[in-house]
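# Residue-level structural notes
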Amino acid sequence: MFVQVPSDFKKKSTSAIIAIVLFIIVYILLFLSAIALTIGCIAAGLWIISIKPMFFTVMIGIGLASLGILISYFLIKFLFKKHITDRSDLTEITRNDEPQLFEMIDGIVKKAGTDFPKKVYLAYDVNASVFYDSSFWSMFLPIKKNLIIGIGLVNACTKQELKAILAHEFGHFSQRSMKVGSYVYNVNQIIFNLVNEDEAYRNTVQGWANASGYFAFFAELAIKITQAIQWTLRKMYSFVNIRHMALSREMEFHADEVAANIAGSIALEESLLRLDLAGNSYSSVIDFYNSKIEESQTSKNIYKEQNFVMNFFAKESELELKYDLPVVKISEAGLFNKSKLVIENQWASHPSTEDRVAKLRQLNIIKDSDNSSARILFKNIDATEEKLTSKIFSNVQYEKPKSELDLDTFQDEFEKNYNKDTFDKIFNNYYDNKNPNQFDLHSAVPSKEFFSFDELFSKDKVELVYTLIALENDRNTISSIADKTFDIKTFDYDGIKFKAKEAKNLIPKLDGQIKILQDEITQNDINIYLYFLNLAKNKNLEFELGQSFSDFYDYDKNYEEKFGLFAELSKALDFVSTTTPFERIIKNFVKLKPLETKLKQELQEIIDNPLVKEEISEQNKKDLEYYINNDLLYFNKNEYLNANLQQLFFAVNSYHFYIGRKFFLLKKELLSRMSSLEKH
């Protein structure tokens, strides 16, 4: 099979190659300069020693010679760097283990015109990738790739979709011209190593400096010179990398075309659109069990739970099912994105899902499909899933003997937690990303006699909210472009191209649109309040509803002040993570005392608050009370008291969490009261 390489790919390949050539020229000049410096330093060192041989001149001569050697070593250290992928979380499988899966890979490899992977691994997550242990020499020597297949992906695909995803991975290596991307990748790794991965080099230089005071000056000078070299290389890194990313995006489109030719456009499109849902579902299961570490609860098979969560989320979002899997449509994937601002992300390695889907639809390649579950490719998928699940939990340290949650218990607890942390669907997502707007409850005037519930929370009203959010975000970004915080040359807004210097002219227009939308949404919030007030009057619950609104508004007004205390504390404690003189540490903790006093008062209020205290575990409550009731010492005899410092940071972070949690709970209490009035 041959897929024509498009002209854009060729242009970006050429641009990437030119960038690499320019880097090589700069690098050669730096390297020759370093060699000349090394020869000069060694010659000068020998000359100094020869003038008057003695301990002092010998040490100075050696130090001077080492200066050139250290700089030259810096420029060739990448030759000895090998990137080895950590495989501890991977499980290797063979053809004997999974013959049907390997048969599918055989077919893909043959059609893609590439080599069979050196090894095939199973991973935990929702992903598939090809990797190899790369080094400088891998650009010149043939190295076979390894394939990783995430079981979380298998669990969320049909056979045809998995075939399409794997074909995409092999598509990256299926054409001769694609090797340009591999070459660019390796050179990019070399530049990254020279610019960023210098800890081992610095340790070598520091070790040399520690060997003798005579060498320290030359070691420091070597560091200064290499920093200047790194500055030059960093500029080249940006120059090369931007072009590499542009090529990488074209490579994704090309690999998609290879996959579409092997498995069809629809299979790849539908799997791409489902990936976020599948990934979020897997992450939600992991998060659930992270919260169960204290109780030492684990799972027998997290993939059955991932499947439940994926279908649960699909039901909540009213998604259709196809082949027993949720169908995520492109319109639903971007349902709440109302932004009109388009800025090309030149650092993105992948094009957007929307762009990839658009290209696949243009191709419109139809293939015969096997839409049975990808799970049947495995001999005993349940046993495989349980094996990987056990491996996941083996990395966690539990204080008590582990116990497994059965699937029914997981489903009940997950759904209970989800409902506790989300708002009633009756509001049609109106409040998911906004709070009830502030207004005078006693002087609220409706915009007309009566609105029905469906009118107040209609699709049009919800779109107003998300249009306002998008406008405010766009306005902030354009403001950053105008003041040059965000350095770009051009951008598109509402289909019109603007130069960066024109950004400031857009801001007044956006401010006007934002004001109109804010007023419209506030008026709708007033109408909502009056609607529910009328329901409450009919049930003699007017006072309770008013109190819920007042409590939320009062806390909303004070939230910035409460968050300000957390920000002050965080800033005041920055010195702990940096090298600070002992006298300054002592003064900093003295200055911290008034803030600590305020923190303890706030924490006591949180513990006593009936709405929040049920959210605090017994252990956390004990730890917070210990902190509140004790005057802890954090620094003594020129060293930090780490146990007490941990108590302090725990208290600060807990405060941050619980003030946010209280905000959410007050909002949920208000919305629950409103939904109860509507339902009854």
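### Let's talk about empty space enclosed by the protein
It is the rolling of a water-molecule-sized probe over the atoms that shows where space remains empty. Counted by the stated rule, this structure contains one cavity of 30 Å³ or more. Volume-wise, the largest cavity comes out at about 30 Å³. Looking at the largest cavity, the residues that line it are Y431, P436, F439, D525, I528, Y529, F549 and Y553. Secondary-structure elements contributing two or more residues to the lining of the largest cavity are α17 (503-538) and α18 (542-572). If one sorts the elements of the lining of the largest cavity by residue count, α17 sits on top with three residues. In terms of residue class, the lining of the largest cavity is made up of seven nonpolar, no polar and one charged.

### Re the confidence of the model for the protein
Here the protein averages 88 in pLDDT, while 93% of its residues score no lower than 70. When the elements of the protein are averaged for pLDDT, strand β5 (residues 134-135) gives the smallest value, 56, and helix α4 (residues 151-154) the largest, 96.

### Examining the environment of A503
Relative to the helices and strands, A503 is located in helix α17. A relative accessible area of 0% means that A503 is categorised as buried. Separated by 341 residues in sequence, A503 and L162 place their C-alpha atoms 45 Å apart. Look past the residues within four positions of A503 in its chain and what remains in contact with it is I478, I481, A482 and F491.

### Looking at unusual backbone geometry
With a phi close to 55°, Y323 is a non-glycine residue in the positive phi region. For Y323, a relative accessible area of 41% puts it in the partly exposed group. One non-glycine residue with positive phi stands out, namely K637, at about 55°. On the secondary structure map, K637 appears in the loop between β14 (635-636) and β15 (639-640). Residue classification places K637 among the exposed residues on the basis of a relative accessible area of 75%.

### A short note on helix α5 (residues 159-171)
For α5, which comprises 13 residues, the first-to-last C-alpha distance of 18 Å matches the rise-based estimate of 18 Å (1.5 Å per residue) to within 8%. By the criterion of burial, α5 is predominantly enclosed, with 13 of the 13 residues buried.

### Brief notes about the sheet that holds strand β12 (residues 490-493)
On the basis of which strands lie adjacent, the open sheet formed by three strands has the order β10-β12-β13 and antiparallel pairing. What marks the edges here is a single partner per strand, and that holds for β10 (341-342) and β13 (496-499). Summarising the sheet, β12 and β13 pair through four bridges and their orientation is antiparallel. Bridging across to β13, Y493 finds its partner in I496. Along the sheet face, helix α16 (residues 459-482) touches β10 and β12 and points at about 160° away from the line of β12. The strands that α17 touches are β12 and β13; relative to β12, the one it contacts most, it runs at about 25°.

### Observations regarding the pattern of salt bridges
By the definition in use, this model includes 23 salt bridges. The salt bridge partner of K329 is E320, with a shortest N-O separation of 3.4 Å. A residue is classified by how much of its surface remains accessible, and K329, at 36% relative accessible area, is partly exposed. For K598, the salt bridge identified is with E602, shortest N-O distance 3.4 Å.

How each quantity is defined
- Residues numbered from 1 in each chain as written.
- Predicted model: local features only at pLDDT ≥ 70, side-chain atom pairs only at ≥ 80, totals over all residues.
- Heavy atoms only, no water.
- 1 Å grid on protein atoms, 1.4 Å probe; cavity = no way out; pocket = protein on both sides within 12 Å on 5 of 7 lines; lining within 4 Å.
- Points joined across faces, edges and corners; volume = space filled by probe spheres on them.
- Helix = DSSP H or I, 4+ residues; strand = E, 2+ residues; numbered from the N terminus.
- Nonpolar A, V, L, I, M, F, W, Y, C, P; charged D, E, K, R; others polar.
- pLDDT = per-residue confidence, 0-100.
- Buried < 20%, exposed > 50% of the residue type's maximum accessible area, 1.4 Å probe, protein only.
- Contact = heavy atoms within 4.5 Å.
- Expected span 1.5 Å × (residues − 1).
- Pairing = 2+ DSSP bridges.
- Axes fitted to C-alpha atoms, helices over the stretch in contact; angles between N-to-C directions.
- Salt bridge = Lys/Arg side-chain N within 4 Å of Asp/Glu carboxyl O.

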